[in-house]
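Structural description and commentary
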Amino acid sequence: MRKNIISLILTGSLLLSGCSLVTLETNPKPTAAEETQITEETTTVKETEASVTETTTAAVETTVTEETKTSETEPVETVPEVTSVPVTPKTTGKVVILATGGTIAGVGDAGKSAGYRPGTLTAEDLISAVPQLAEVAQIEAIQVCNVNSDDITAEVWIELANKINELARDPDVRGFVITHGTDTMEETAYFLNLTVKTDKPVVITGSMRPSTSISADGPMNLYESVCVAASNDAIGKGVLVVFSDLIYTARSVTKTSTYDVMAISARENGACGVVRDGEVFIYEGTTKRHTSKSEFDVSSLKTLPKVSVIYFSVDMDPEILKYAAEHSDGLVIAGAGAGEFSEGYIEVIKKLKIPVVISSRIGDGIIIPDNLLVEGTIAADNLPPQKAAVLLRLALTETTDAAKIQDMFFEY
Ligand code: ASP
């Protein structure tokens, strides 16, 4: 007899409009034998839902065939009924999982790592694939959206920040995990780092391989993220990203590969901690202002000012800057080297009437005011262009004064 070790109770849109809330209840702790059966069962359900491909069908058939063979050739053993033992989570309080889509919720051809549909599995699917979550904390999950992270918008960011700020007031909530596509994970992480008003852990994770690939990395990343979100050591550290056993601060984290399971890193800044068999080790932290010490308040905003990021490359037509400026409230230039560009760019940028932040297309290193080629522009410090755009959008909710914005780039 197969037993479910988790039961997912749909309790409807209790807390937040437009979102479905799922509670993961802990109950019978399985024996190892049961766990094997449960895994098979879960896999079967998932694979059926994900429209089973040839390889998957073969795997399911193998299981069935073996079971049939056994019953034909050997006497059936009576397995004693196991009494249910409820799992007691290691920690008190809830970890709330906010699911937004991405590859972690991706479904494709069985075994394959590319060519899948991101944002397909639901929050419920994600947590039911990792029964061990129930050992860490009580789990609630909210489906915020289910998209490829390239379709995340300022509206989704604001919704996420407001939800976290609202739920963080509940003393039963001990932390948050956001599941997210890896493409823009760093931007969402940095935005939340600047706009959530809580010291409770807020962790973002995702995966590089879809749920249907061989050795999918999503379940382990989700498990380790819940461990970090439930950990007292993560309190007050700002928004963290957990990926492939490592912990990163939101300000430093970035995506550095298109395919590697270690695609999330922090380049020269490195990781700030490690998760090992569910234990959390945090060694470093950011010195920059974040979360409850941040001045940015998005609670009454519907969207954010528009900022365009313009790359520089050899011989690029500076006219593109004029077009971008006409359609934006601020610009970020991804310059060459320490934020440099051509004479043509310099001439156009000098005449722009909106704040212009200078960053580098390189990925590592800092830009300071001494590096600036055009007076009145703003140095991005060591923020990459995409994160400079996040900070500029927030800065523009308060001021258009370049000197004040420059101060913010050193503070945050
Ligand atoms: N395109 C996907 C996304 O960002 C990639 C991923 O999640 O790894 O949603």
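The rules behind these values
Residues numbered from 1 in each chain as written. Predicted model: local features only at pLDDT ≥ 70, side-chain atom pairs only at ≥ 80, totals over all residues. Helix = DSSP H or I, 4+ residues; strand = E, 2+ residues; numbered from the N terminus. Buried ≥ 20, exposed ≤ 12 C-beta atoms within 10 Å, placed from the backbone. Expected span 1.5 Å × (residues − 1). Axes fitted to C-alpha atoms, helices over the stretch in contact; angles between N-to-C directions. Parallel < 35°, antiparallel > 145°, perpendicular 65-115°, else oblique. Left-handed = near helix turned anticlockwise from the far one by under 90°. Contact = placed C-beta atoms within 7 Å. Nonpolar A, V, L, I, M, F, W, Y, C, P; charged D, E, K, R; others polar. Pairing = 2+ DSSP bridges. Right-handed = clockwise from strand over helix to strand, strands pointing away. pLDDT = per-residue confidence, 0-100. Core = buried A, V, L, I, M, F, W, Y, C linked by C-beta atoms within 7 Å.

Quick word on the overall build of the protein
Counting its regular elements, the protein contains 11 helices and 16 strands. Among the 412 residues that make up the protein, the fraction classed as buried is 45%.

A few points about helix α7 (residues 218–229)
Taking 1.5 Å per residue as the helical rise, α7 with its 12 residues ought to reach 16 Å, and the 16 Å between its terminal C-alpha atoms agrees with that figure. Within α7, 11 of the 12 residues are buried, which leaves the element mostly enclosed by the surrounding structure. Residues of α7 that are buried include every one of Gly 218, Met 220, Asn 221, Leu 222, Tyr 223, Glu 224, Ser 225, Val 226, Cys 227, Val 228 and Ala 229, and no others.

A word on the packing of helix α10 (residues 385–395) against helix α11 (residues 402–411)
Remark: α10 packs on α11, axes separated minimally by 10 Å, with the N-to-C direction vectors making an angle of 130°. By the criterion of interaxial angle, the relationship of α10 to α11 is oblique. Of the two possible hands of crossing, α10 and α11 adopt the one that is right-handed. In contact with Leu 391, Leu 392 and Ala 395 of α10, α11 contributes Ile 405, Met 408 and Phe 409. Class assignment for the residues of the contact of α10 with α11 results in six nonpolar, no polar and no charged.

Thoughts on the pairing of strand β3 (residues 94–101)
In terms of burial, β3 is largely enclosed, as eight of its eight residues are buried. When β3 meets strand β4 (residues 138–147), the two strands line up parallel, connected through seven bridges. By the bridge assignment, Ala 99 is partnered in β4 with Gln 143. Pairing of β3 with strand β5 (residues 173–179), which is carried by six bridges, proceeds in the parallel orientation.

What to know about α10
Along α10, 10 of the 11 residues are buried, which leaves the element largely enclosed by surrounding structure. Looking at α10, one finds that the buried residues are Pro 385, Lys 387, Ala 388, Ala 389, Val 390, Leu 391, Leu 392, Arg 393, Leu 394 and Ala 395.

Concerning the pairing of β5
For a regular strand, the rule is simple: side chains alternate between the two faces of the sheet. Of all seven residues making up β5, seven are buried, and the element is well covered by its neighbours. Note that β5 and strand β6 (residues 202–205) share four bridges and pair parallel. What sits directly across from Phe 176, in β6, is Val 202. With helix α6 (residues 185–195) bridging β5 and its parallel neighbour β6, the resulting β-α-β unit is right-handed.

A few points about the sheet that holds strand β14 (residues 330–335)
Strand order across the open sheet formed by four strands is β13-β14-β15-β16, with parallel pairing between neighbours. Looking at strand neighbours, the two that pair on one side only are β13 (307–311) and β16 (378–379), the edges of this open sheet. Bridge count between strand β15 (residues 356–360) and β16: two bridges; the pairing is parallel. Note on β16: the bridge partner recorded for Val 357 is Ile 378. The sheet contacts of helix α8 (residues 319–326) involve β13 and β14, and relative to β13 the element is tilted by about 170°.

So, unusual backbone geometry
A positive phi angle, close to 55°, is found at Ser 215, a residue other than glycine. Looking at the secondary structure, you find Ser 215 in the loop between β6 and α7. The class of Ser 215 is exposed, set by 9 C-beta atoms lying within 10 Å. You will see that Asp 277, though not glycine, has its phi angle at about 45°, which is positive.

Some remarks on the environment of Gly 285
Residue placement: Gly 285 occurs in the loop between β12 (279–282) and β13. With 48 residues separating them along the chain, Gly 285 and Lys 237 place their C-alpha atoms 6.4 Å apart. Those residues in contact with Gly 285 that sit more than four places away from it in its chain are Lys 237, Thr 249 and Cys 272.

Here we look at the confidence of the model for the protein
Detailed conclusions should not be drawn from predicted coordinates in areas where pLDDT is low. In the predicted model, the protein carries a mean pLDDT of 85, and 79% of its residues have values of at least 70. Within the model, the stretch residues 25–73 combines pLDDT values under 50 with 51 contacts to residues more than four positions away or in other chains.

Let's talk about the nonpolar core
The biggest cluster of nonpolar side chains holds 102 residues, and the ones touching the most others in it are Val 226 and Val 241. With residues near it in sequence (within four places) discarded, Val 241 still touches Met 185, Ala 189, Ile 204, Thr 205, Tyr 248, Ala 250, Val 253 and Ile 264.

Thoughts on the packing of helix α5 (residues 154–167) against α6
Their axes nearest at 10 Å, the elements α5 and α6 cross at an angle of 45°. Relative to α6, α5 is oriented oblique. In this structure, α5 crosses over α6, and the sense of that crossing is right-handed. Of the residues in α6, those in contact with Trp 157, Leu 160 and Ala 161 of α5 are Thr 188, Phe 191, Leu 192 and Thr 195. Of the residues contributing to the contact of α5 with α6, the split by class is five nonpolar, two polar and no charged.

A word on the environment of Trp 157
Relative to the helices and strands, Trp 157 is located in helix α5. Along the sequence, Trp 157 and Val 298 sit 141 residues apart, while their C-alpha atoms lie 9.4 Å from each other. Apart from residues no more than four positions distant in its own chain, Trp 157 is found in contact with Thr 188 and Phe 191.

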